[in-house]
Amino acid sequence: VSVVPHVEIANEIADLIADDPALYVLARPVINFDQVSSFLKDVGVKWERSRDAKPAEDLIEFAGRICYMSFGSDQSRKTNQEYIHHLIKQQHESVLEHASWTFLLTGVSRAFTHQLVRHRVGFSFSQLSQQYHDEAGAKYVMPEEIKKHPALVSDWIRLIAGLRREYVTIAANLNPNESEQVRVTKEKQRAIRSAARTILPNATETKIVFSANGRALRHFLAKRGAIVGDLEMRRVAALVHSQLMLEAPAILSGFTSRIHEDGYPIVNHVKE
Ligand SMILES: Cc1cc2nc3c(=O)[nH]c(=O)nc-3n(C[C@H](O)[C@H](O)[C@H](O)COP(=O)(O)OP(=O)(O)OC[C@H]3O[C@@H](n4cnc5c(N)ncnc54)[C@H](O)[C@@H]3O)c2cc1C
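Residues numbered from 1 in each chain as written. Predicted model: local features only at pLDDT ≥ 70, side-chain atom pairs only at ≥ 80, totals over all residues. Heavy atoms only, no water.

S.K.: When you look at helix α9 (residues 214–224) in this model, what are you seeing that I'm missing?
M.R.: Given 3.6 residues to a turn, an α-helix orients residues that are three or four positions apart in the same direction. For α9, the full list of buried residues reads Gly214, Ala216, Leu217, Arg218, Phe220, Leu221 and Arg224. Residue Asn213 occupies the N-cap position of α9, its side-chain oxygen lying 3.0 Å from the main-chain nitrogen of Arg215. (Buried < 20%, exposed > 50% of the residue type's maximum accessible area, 1.4 Å probe, protein only. Helix = DSSP H or I, 4+ residues; strand = E, 2+ residues; numbered from the N terminus. Polar contact = N/O pair within 3.5 Å; in protein donor to acceptor, adjacent residues only side chain to side chain.)

Here's what the structure looks like:
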């Protein structure tokens, strides 16, 4: 049995296949306790904070308490977690909008981000441009469904590698000056890459920064976390869920994340 084809495929995989999805936290809520204290002093009340609350959770609780000025003798004995759960149960979820995060997501496909950017409310996006960025060295997200069928992996790689070569050929043919090292104008470059990118597949890896508030993230997880056939979405939803478990577990009231029977994570939501 020759091992050469396997070595070749392994090399192609290393060159073509994107790393697993990764979620980086670029920014998170910070609460300015000096200002909170100044305010409480100005109005002559105290706020008994839960010791284990995270900054995002404190911010949400504080904003919620402002609605009723439930500080001092008017403060209920609820912990921060109970307070936020109560807000969610009462559908007073606008308070969760005060806490927002900025994430960088890598190792995801353009097909995936096309779905992500449909979330209009409480989300902002900045995505790698295929007009400005040369995609000659792009990597590709192999669908989990293909990975489950090893016999299909080499076919998939061959097709993707061919498309990447064609991308380079189209860009080169549209830029006859390139061999003479003549720089094309920025707009000509944009036109060339715009034309060449039309043959890039949905699997093309992309990078996207997105900011979202607590309410919008709950909506995203509830809508997208448990669609059994959408494995890439489920993987990302699980990453978001596990990061939020560290950032502000109280806002995840009603959500659970686990490994589904198919071996991939799933984020379920039960309305309280
Ligand atoms: C299983 C599934 C299949 C899908 N299939 C398709 C498909 O085939 N084709 C397709 O195009 N999309 C499809 N989508 C995308 C879907 O239609 C939504 O665009 C996407 O899920 C974002 O959800 P959203 O609109 O609730 O989120 P957001 O845009 O973040 O909106 C949040 C909420 O705000 C309110 N809202 C937002 N905008 C308006 C508005 N203009 N008017 C009134 N209320 C508003 C709604 O209550 C909405 O739920 C699919 C989504 C899922 C989960």
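S.K.: Quick question: what am I supposed to make of the packing of aromatic side chains here?
M.R.: Note on aromatic pairs: each is described by the distance of the centres and the angle between the planes. For the coordinates displayed, the defined rule picks out eight aromatic pairs. Centroid distance Phe39 to Phe62: 6.0 Å. Interplanar angle 85 degrees. Geometry classified as edge-to-face. Placement of the pair is Phe39 in helix α2 (residues 33–43) and Phe62 in helix α3 (residues 55–68), with a sequence separation of 23 residues. A residue is classified by how much of its surface remains accessible, and Phe39, at 27% relative accessible area, is partly exposed. Measuring from ring centre to ring centre gives 6.3 Å for Trp47 and Phe71, while their planes differ by 80 degrees; the resulting arrangement is edge-to-face. On the criterion of sequence distance, the pair formed by Trp47 in the loop between α2 and α3 and Phe71 in the loop between α3 and α4 (80–89) is long-range, its members being 24 residues apart. The buried category is assigned to Phe71, whose relative accessible area is 2%. Here the aromatic cluster, defined as three or more aromatic residues joined through ring pairs, consists of Phe103, Phe123, Phe125, Phe210 and Phe220. (Phe/Tyr/Trp six-rings, centres within 6.5 Å; stacked < 30°, edge-to-face > 60°.)

S.K.: Any chance you could explain the pairing of strand β4 (residues 205–213) here in plain terms?
M.R.: Residues in a regular strand project their side chains so that they alternate between the two faces of the sheet. As paired elements, strand β2 (residues 100–109) and β4 share eight bridges and run antiparallel to each other. By the bridge assignment, Val108 is partnered in β4 with Thr206. Across five bridges, the pairing between strand β3 (residues 123–127) and β4 is antiparallel. Residue pairing for β4: Gln127 is matched across the bridge by Ile208. (Pairing = 2+ DSSP bridges.)

S.K.: What exactly am I supposed to notice about the sheet that holds β4 here?
M.R.: Pairing is antiparallel in the open sheet, where four strands are placed in the order β1-β2-β4-β3. Edge positions in the sheet fall to β1 (22–27) and β3, since each of these pairs with one other strand and no more. Each strand of the sheet is rotated relative to its neighbour by a mean of 25 degrees, with strand direction disregarded. Here α9 sits on the sheet in contact with β2, β3 and β4, set at roughly 125 degrees to β4. (Axes fitted to C-alpha atoms, helices over the stretch in contact; angles between N-to-C directions. Contact = heavy atoms within 4.5 Å.)

S.K.: Even after reading the chapter, I still don't get the environment of Gln131, so can you show me in this structure?
M.R.: Counting through the fold element by element, Gln131 comes out in the loop between β3 and α6 (144–147). Residue classification places Gln131 among the partly exposed positions, given a relative accessible area of 23%. Other than its neighbours up to four places away in sequence, Gln131 contacts Gln189, Arg190, Arg193, Ser194 and Arg197. Engagement of the side chain of Gln131 in a polar contact is seen with the side chain of Arg190, the distance being 3.2 Å.

S.K.: How should I be thinking about the site of the ligand in this particular structure?
M.R.: Close to the ligand lie Arg118, His119, Arg120, Val121, His219, Lys223, Arg224 and Ile227, which account for all nearby residues. Here an oxygen atom of the ligand and a side-chain polar atom of Arg118 are 2.7 Å apart. The fraction of the free accessible surface of the ligand (940 Å²) that becomes covered by protein chains is 43%. Classifying every residue of the shell around the ligand by side-chain character gives two nonpolar, two polar and four charged. (Near = heavy atom within 4 Å. Areas by Shrake-Rupley, 256 points an atom, 1.4 Å probe, with all protein chains shown as cover. Nonpolar A, V, L, I, M, F, W, Y, C, P; charged D, E, K, R; others polar.)

S.K.: Is there a simple way to think about the side chain of Ser50 in this case?
M.R.: Tracing the sequence through the fold places Ser50 in the loop between α2 and α3. Excluding residues within four positions of it along the chain, Ser50 makes contact with Thr79 and Asn80.

S.K.: What am I meant to see in the side chain of Glu93 here?
M.R.: Locating Glu93 in the fold gives a position in the loop between α4 and β2. Of the polar contacts made by the side chain of Glu93, one reaches the side chain of Arg218; its length is 3.4 Å. Once residues within four sequence positions are removed from consideration, Glu93 is found in contact with Leu87, Ile88, Arg215 and Arg218.

S.K.: Help me understand the packing of α2 against α3 in this model?
M.R.: Two measures define how a pair of helices packs: the angle their axes make with one another and the distance between the axes. Between α2 and α3, the least distance of the axes is 13 Å, while the angle of their chain directions is 20 degrees. Comparing the axis directions of α2 and α3 gives the class roughly parallel. Crossing of α2 over α3 shows left-handed handedness. For the pair formed by α2 and α3, the contact residues are Phe33, Val36, Phe39 and Leu40 on the first element and Asp58, Phe62 and Ile66 on the second. Residue composition of the contact of α2 with α3, by class: six nonpolar, no polar and one charged. (Parallel < 35°, antiparallel > 145°, perpendicular 65-115°, else oblique. Left-handed = near helix turned anticlockwise from the far one by under 90°.)

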